Each structure stands twice: as structure tokens, then as C-alpha cells.
Amino acid sequence: MAHSQDLPPGTLSELRQRYRIERERRVRPDGVRQYLGAEAEFGYYADDPYAGETAERAPVGDGVDAVVVGGGFGGILAGARLRQQGIGRVRVVEKGGDFGGTWYWNRYPGIHCDIESHVYLPMLDETGYVPRWKYAPGEEIRRHAVRIAEKFDLYADALFSTSVTSLSWDETTETWIVTTDRGDRFRATYVITATGTLSELKLPGIPGIETFRGHTFHTSRWDYAYTGGTPDGGLTGLADKRVGVVGTGATGVQVVPKLAEDAEHLYVFQRTPSTVDVRANRRTTARDVGADRHGWARERRDNFLRVTSGEDVEQDLVADRWTRSALLLEKLLPSFRRQGDRAAFEAAYEIADALKMNEIRARVEQIVTDPDTAGKLKPWYRYACKRPTFSDLYLQAFNRDNVTLVDTADTHGIERMTERGVVVGDTEYELDCLIFATGFSVGVSGIHSGRLPVHGRGGIRLQEAWAEEGPRTLHGFTCNGFPNLIQLGGVQSASSVNYTHVLDEHAVHAAALVAAAEAGNAVIEPSREAEDAWLAVLSEGAPDHAWFHAECTPGYYNAEGRGRPNGPTAYPHGAFAFHHLLKRWREESMGEVLRARTATQP
Ligand code: NDP
């Protein structure tokens, strides 16, 4: 634990004041309304640049055992775990042209996963695959998604370049009717939704954005036809181009070094600097992974989750900046496990935070040679206010003559756009191309936004059912009135920075529910009492993080500066404890949500 003597006197009060000033500079009155959904104004952003020509196909009208909505890691893992339970016909429906989800859409230059590959890539034990790097490039991850889908034969019934448009429970047959935007209308006994949390991209509502004559695209729809090159770089098409990039989050930090290498000139429009910690990527070694030992990946993944959930471990196997900063993630993950005297914990936490942030700011000063640029790149907020980033290339890019950092904090981002470029303060920056690294509506799935209507028993819509009291679920997966519907990775469960681990545990759980229902000729549906009991568990000891986020610089963690709901959104004892709870429940109580089928299959 950190002590006050580790910091010079007065540091904490000075930092608090500085953080408050920097926050005030950035809070916008329009909050979350500052963004545009991509489809709303810029339909072309939603196109799939990777699928090629979408082949015509006849609509399907058959029946399957299970439909999985979404073909990212959540959907793939659900499919794989259903297969392991012996479920025959599993149909994954995916908007993209192939499996991969976020790794299908995001292929921008420099893309890597910043969680260690040996814990991030799921089913390494089952597939025998050993990632080549400690932090894997996106294409290796996408190929691994395909590898799992092939191994578990998920291509057979999959529908690609297809979006589910409605899910309706048919009481007489006790099956779901699924419709899609390709004219399909088929039945499924079970529905598993795995629609992801990074699927709805967003763009800043910059005045004049539609007048810009240059080229634009979002990082999750990279236009290699324009830039040339590949995710490894070599963007020869930019050699004579003035390129702008908006956004300096985890994506911006990865893409800027590649753009800097190849653009004639790069303007980085920054609103809030990220914390950029050491990356230290390297080749996988035999010592890392014990490749000849079955179960090594599971052991390592569990170890990472323990460390980042605040559990005690004998050895930190991953030993990187995530695990070393694990304590500071306490506020980032609302379900972090914490014990002991709260006031003492908060005091020590603030000191540890100050030490970490001083280290991050000192790193900027060491690397960036121009003092004015270095000053703008220093983050002034507490560590868990924004998602941490890691790079050994990003800060260095600002030492190049062809890279200009444009700080837009005082104008709350880019002020306006013209035919020729971008205006910030008194300056118009003329550009040939502007790239949006502006992220996604994080945590918004089609089901919660209502874009994918779900009609349960009696035709009631899920959104209506939750309108008054908010979400009601058992463990986040199932809900009363919506039989045989299982939601993956949603609210009221517990999360981790290693999201694929969470998804895999959820997939195991979903498949076990389906297998139990099949074995018992039953329908899966929790009672309202079971939901109430779960809501009570969520409320017990839910950590009070609202005050922390209310003092943070704006971003998607705190609804752009408005604070964060402190209601029971997640299991309060962390993902590690949650997974144990689920396992025990499966062994002892799963029968509670099963009731005998009354219909015969159509
Ligand atoms: P983010 O939402 O994290 O960042 C968006 C960026 O755009 C911010 O820097 C934001 O500034 C900036 N921005 C938004 N509007 C404006 C504006 N009007 N003017 C100037 N700047 C603006 O998006 P990312 O794509 O970086 O990340 C999204 C998610 O993807 C993250 O949750 C991350 O977890 C995940 N990701 C994970 C990776 C991994 O390796 N695991 C890699 C990349 C992404 P401000 O901060 O001021 O709001």
C-alpha cells in the first residue's frame, strides 16, 4: 500500500485542484448528445469494406435448435460451448461477412489487443494454438476466431452479412420466431444474444461535418483502397496526403504511429490525452505458456482474473502493466473486490493513483522532445477515469517533423468543419483525409437500445418490460416473460478488462442451461421472485463509485461527465467470485429456472 511520505507535501491537494480545472475545461453541456450514430447521418459508414460483393441467397425458413445473435467471440464461444453440450443445429447470425466481431470490423493499421494474448485468446487449450506475441496483432486474433468457428463447425448453419431484425416468442410452439434483414423467418428453440458492447460506432456531431470535401472514414471501417497498405502499415496512398485523426483513446494510440510513418503530414486532434504506459511487446516464449501442458491457458487466464479482481495470488503470471496497476482498476471495474477499512483504503488509493499518474506524466516528458507538445500530452485526471493505454510508439511519433498535435480541449473538441478541413480556434487545418478514431457507444447493445426488438410472452417488448424498474434478470442472463432467451455479456453480471474470459464463462453457463432444458424437456425462465432475489444480491455491498466518476474528466465511463449510475448494475464481488457463484448455482439450483414444456415441437 502507498504512503503519504512517498509524495512531496501538498501534492494531493495540488493534484485535486488541477484535476478539477482540467475537468471543467472539458465538460460539455450537451454531454452524450454530442455524438451521432453513424447510421443516422452517414449511412455509408455502416458499409462492410471487408465482405466484398454480398452474394444473393434464398431466405431461410427452417427450424434450428439455437440461434446465436452475433458472431464475435461471445457468439463463437456460445456456439462452441453448445456444440460441446451436444446441441445439433446452431445458427449464428452475423452482420459482418465472417466471424470475428470487433476483430472483423477493426482492422486499422497498428491494431493489437492490449490484453496479453495468452489470456485474451479463448480456447487455447482446446485448439492447441499458441499465440506468437505477448500482445497479438488484430489479424492473428481474427484468425483465431475463425479457427474456433471451424473447429466447432459453426459455418454449417451460419448466416453472414445478415442482421436479426426481430425476435418473437411463439407461445403455442414454445419457440422463437427470428426475422432478418435478408428476408429470413425461421424458428429457434433457444436464443442466445451476443451482440457485443463495441458494435455501434459513433461520430462527433461537429458542425459542418457534412460539408467536408475530403475523404473520411471511421477506424472500424478502414478504407485500405484509399490508404493502401495493410494492418502492418505501408500506407503508400497517404504519401502525398494531409491526414487528420480525431480521437486519442486506445484506438488512436495504436493508429497514430502507423499514420505518422506514411502520411505526408499528420494532424492529431486531441481533446483529452490518454495515459500511455509501457507496452514491452515481445515474442511468446516456451516459459510463458508451457505449451506442452494441457490447461496452461486456463490457469493463466484465471490467474489474470484473480489479480485484476483484487484476489490474492501466489504469483502474478502475466506480470504486465495491467496486473501491476490492478489496484487502480478498482474504480474502472465497478465489481472489484475490496475489503477492510474504507476510509484508509480510499486514502491509500489516492496516493497510489498520484504516484502512478506522476510516473505516466514523467514518461511523456522523457520521450517527447518539444516541451509544449509534451505539456499537452500529459493527462491530468485519476488513473481509472479513462481506459488506460499502452504503447512504446505513440509518444515517440510526436517527435517527427511531419506530426502536429492540435489540442482541442478549450474548444471542447473540433469546433467545426469546412469544405477544406478542420477549424480549431483561429486556425483552419486543410486536410485531404480525416479519420475518426472516436469509438463506440460502449455498452449499448441492439437489445437495450431497442434497435433489435425482442417480444416475449404475450407480445411484450423487453424494453417495455424493463421501462419502469430498469433491467430485471437472473444473473444477467435470463428474465421472466422471455423464455429460452439468454443474454451474454450484459448488465447485472460481472465484467473484467479481459472481456473474452467473461464471455467464455457466460457461454459455458448458457450452454449448460440449454443442455439442462433439453435433458428435462423444459423451458428456461426464472420467476420474478428469482429476479428480485438477484437484484437484492446486486444491491448488497455495491461499491459507491458514483462520487469518483462524478469528479472524473468526461468520457464514456461517466456519461460524459455526468457521473455514473450507482445502482445495482453489476455483481459487487467481482468477476472471479461471480464465476464461482454461477458454477455452484449450476450444480445445486439450476432446476429452479426450468419448467416443463407444454407444447410439442412444430
Ligand atoms: P474511445 O471512446 O475510447 O475514444 C474516443 C476518442 O475520440 C477520445 O479520445 C475522445 O476524446 C475523442 N473525441 C470524441 N469526440 C471528439 C471531438 N468532437 N473532438 C475531438 N476528439 C473527440 O474510442 P476507442 O476507439 O479508442 O476505444 C473504444 C473502445 O475500444 C475502448 O473501450 C477500448 O476498450 C476498446 N479498444 C480496445 C483495444 C484493446 O487493445 N483491447 C484497442 C482499441 C480499442 P475524449 O477523451 O475527450 O472524450
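Worth saying up front: this structure is predicted, and the values here are computed from it rather than measured. (Residues numbered from 1 in each chain as written. Predicted model: local features only at pLDDT ≥ 70, side-chain atom pairs only at ≥ 80, totals over all residues. Heavy atoms only, no water.)

Asks: Describe the overall build of the chain, and please don't skip the residues or the numbers.
Replies: Counting secondary structure elements, the chain contains 21 helices and 21 strands. Considered along the principal axes of its C-alpha atoms, the chain spans approximately 75 × 60 × 55 Å. Counting all 602 residues of the chain, 59% fall into the buried class. When contacts within the chain are restricted to residue pairs at least 6 apart in sequence, those whose partners lie at least 24 apart make up 73%. On the chain, roughly 24200 Å² of surface is accessible, and the fraction owed to carbon and sulfur atoms is 49%. (Helix = DSSP H or I, 4+ residues; strand = E, 2+ residues; numbered from the N terminus. Buried < 20%, exposed > 50% of the residue type's maximum accessible area, 1.4 Å probe, protein only. Contact = heavy atoms within 4.5 Å. Areas by Shrake-Rupley, 256 points an atom, 1.4 Å probe, with all protein chains shown as cover.)

Asks: Please provide a residue-by-residue account of the pairing of strand β4 (residues 164-170), values included.
Replies: Burial analysis of β4 places 5 of its 7 residues in the buried class, which makes it a mostly covered element. Sheet topology places β4 next to strand β5 (residues 175-180); 6 bridges connect them, and they run antiparallel. Of the residues in β5, the one forming a bridge with V164 is T180. The turn linking β4 back onto β5 is made up of 4 residues, and E174 within it adopts a positive phi angle of 50°. Of the strand pairs in this sheet, β4 and strand β18 (residues 454-455) are connected by 2 bridges, and their pairing is parallel. By the bridge assignment for β18, S168 is matched with H455. (Pairing = 2+ DSSP bridges.)

Asks: Let's hear about the sheet that holds strand β15 (residues 421-424): which residues, and what values?
Replies: Across the sheet, which stays open at both edges, the 3 strands sit in the order β14-β15-β16 with antiparallel pairing between neighbours. Where the open sheet ends on each side, the last strands, each with one partner, are β14 (416-417) and β16 (427-430). Two strands pair when backbone bridges link them, and β15 and β16 are joined in this way by 4 bridges, in the antiparallel orientation. The partner of V424 across the bridge, within β16, is T427.

Asks: Before we move on, can you summarise helix α7 (residues 138-151) with the specific residues and values?
Replies: Helix length check: α7, at 14 residues, gives a terminal C-alpha distance of 20 Å against a target of 20 Å (1.5 Å per residue), a fit within 8%. The set of residues buried in α7 consists of G138, E140, I141, R142, H144, A145, V146, I148 and A149. Buried residues in α7 make contact with α3 (73-84), α4 (102-105), α5 (117-120) and α6 (124-127). The positive-phi residue at the C-terminal boundary of α7 is D153, with phi of around 55°. (Expected span 1.5 Å × (residues − 1).)

Asks: Describe the site of the ligand, naming the residues involved and giving the relevant values.
Replies: Residues in close proximity to the ligand total 25 residues, the closest being T251, T272, K386, R387 and Y556. For the ligand, an oxygen atom lies 2.5 Å from a polar atom in the side chain of T272. At 3.4 Å from a nitrogen atom of the ligand is found a main-chain nitrogen or oxygen belonging to I414. Protein coverage of the free-state accessible area of the ligand, which is 920 Å², stands at 90%. In terms of residue count, the dominant contributor to the shell around the ligand is helix α9 (residues 250-262) (3 residues). Counting contributing residues, the shell around the ligand receives three or more from each of domain 1 (4-36 + 203-279 + 342-438) and domain 2 (63-200 + 442-539 + 571-596). (Near = heavy atom within 4 Å. Polar contact = N/O pair within 3.5 Å; in protein donor to acceptor, adjacent residues only side chain to side chain. Domains from an automatic or database assignment.)

Asks: Which residues make up the packing of aromatic side chains, and what values do they have?
Replies: On inspection of all chains with the given rule, the structure shows 20 aromatic pairs. Aromatic pair W103 and Y120: ring centres 5.9 Å apart, planes at 75°, arrangement edge-to-face. Of this pair, W103 sits in helix α4 while Y120 sits in helix α5, and the two are 17 residues apart along the sequence. No difference in accessibility class separates W103 from Y120, as the two residues are buried. Among the aromatic residues, those joined into a ring-pair cluster are F477, W534, Y571 and F578. Its end group placed over the ring of W105, K95 keeps NZ or CZ at 5.9 Å from the ring centre. Sitting over the face of the ring of F152, K151 holds its NZ or CZ atom 5.9 Å from the ring centroid. (Phe/Tyr/Trp six-rings, centres within 6.5 Å; stacked < 30°, edge-to-face > 60°. Lys NZ or Arg CZ within 6 Å of the ring centre and 35° of its normal.)

Asks: Which residues make up the environment of S527, and what are the values?
Replies: Inspection of the secondary structure assignment puts S527 in the loop between β20 (522-524) and α19 (528-539). Given a relative accessible area of 30%, S527 falls into the partly exposed group. Sequence-wise, S527 and C479 are 48 residues apart; in three dimensions their C-alpha atoms are separated by 7.8 Å. Looking at S527, its side chain comes within polar contact range of the main-chain nitrogen of A530, at 3.0 Å.

Asks: An account of the domain arrangement of the chain is needed here, citing residue identities and associated values.
Replies: Segmenting the chain into domains produces domain 1 (4-36 + 203-279 + 342-438) and domain 2 (63-200 + 442-539 + 571-596). Summarising the inter-unit geometry, the C-alpha centres of domain 1 and domain 2 are found 33 Å apart. Counting residues at the interface gives 16 residues for domain 1 and 12 residues for domain 2. Between domain 1 and domain 2 lies a buried interface of about 1300 Å² when both sides are counted; carbon and sulfur atoms form 51% of it. Taken as a group, R221, Q254 and R279 account for 42% of the area that domain 1 buries against domain 2, more than any other trio of residues on that side. For the pair domain 1 and domain 2, the number of links is 1 salt bridge. Taking the shortest distance from any N to any O, the salt bridge between D114 and R387 comes out at 2.8 Å. On inspection of domain 1 and its partner domain 2, the count reaches 7 residue pairs in polar contact (both at pLDDT 80 or more). Ranked by residue count, the leading element in the side of domain 1 that touches domain 2 is α9, at 4 residues. Along the lines of polarity and charge, the residues of the side of domain 1 that touches domain 2 split into 7 nonpolar, 5 polar and 4 charged. (Buried area = accessible area lost by both parts, 1.4 Å probe. Salt bridge = Lys/Arg side-chain N within 4 Å of Asp/Glu carboxyl O. Nonpolar A, V, L, I, M, F, W, Y, C, P; charged D, E, K, R; others polar.)

Asks: Requested: an account of the nonpolar core, with residues and values cited.
Replies: Membership of the largest hydrophobic core comes to 126 residues, with the highest contact counts inside it found for F73, L259 and L266. The element best represented in this core is helix α18 (residues 499-519), accounting for 9 residues. Each of domain 1 (4-36 + 203-279 + 342-438) and domain 2 (63-200 + 442-539 + 571-596) accounts for three or more of the residues forming this core. If near-sequence neighbours (up to four positions away) are discounted, L259 is found in contact with W222, L235, L238, V243, V245, L266 and I435. (Core = buried A, V, L, I, M, F, W, Y, C linked by side-chain atoms within 4.5 Å.)

Asks: Lay out the pattern of salt bridges in plain terms, naming residues and giving numbers.
Replies: Counting across every chain of the model gives 48 salt bridges. A salt bridge links E174 to R595, with the shortest nitrogen-to-oxygen separation between them at 3.5 Å. Here R595 lies in strand β21 (residues 594-596) and E174 lies in the loop between β4 and β5, a separation of 421 residues in the sequence. On the basis of relative accessible area, R595 is assigned to the partly exposed category, the value being 28%. Notably, a salt bridge pairs R242 with E430, separated by 3.5 Å at the nearest N-O pair.

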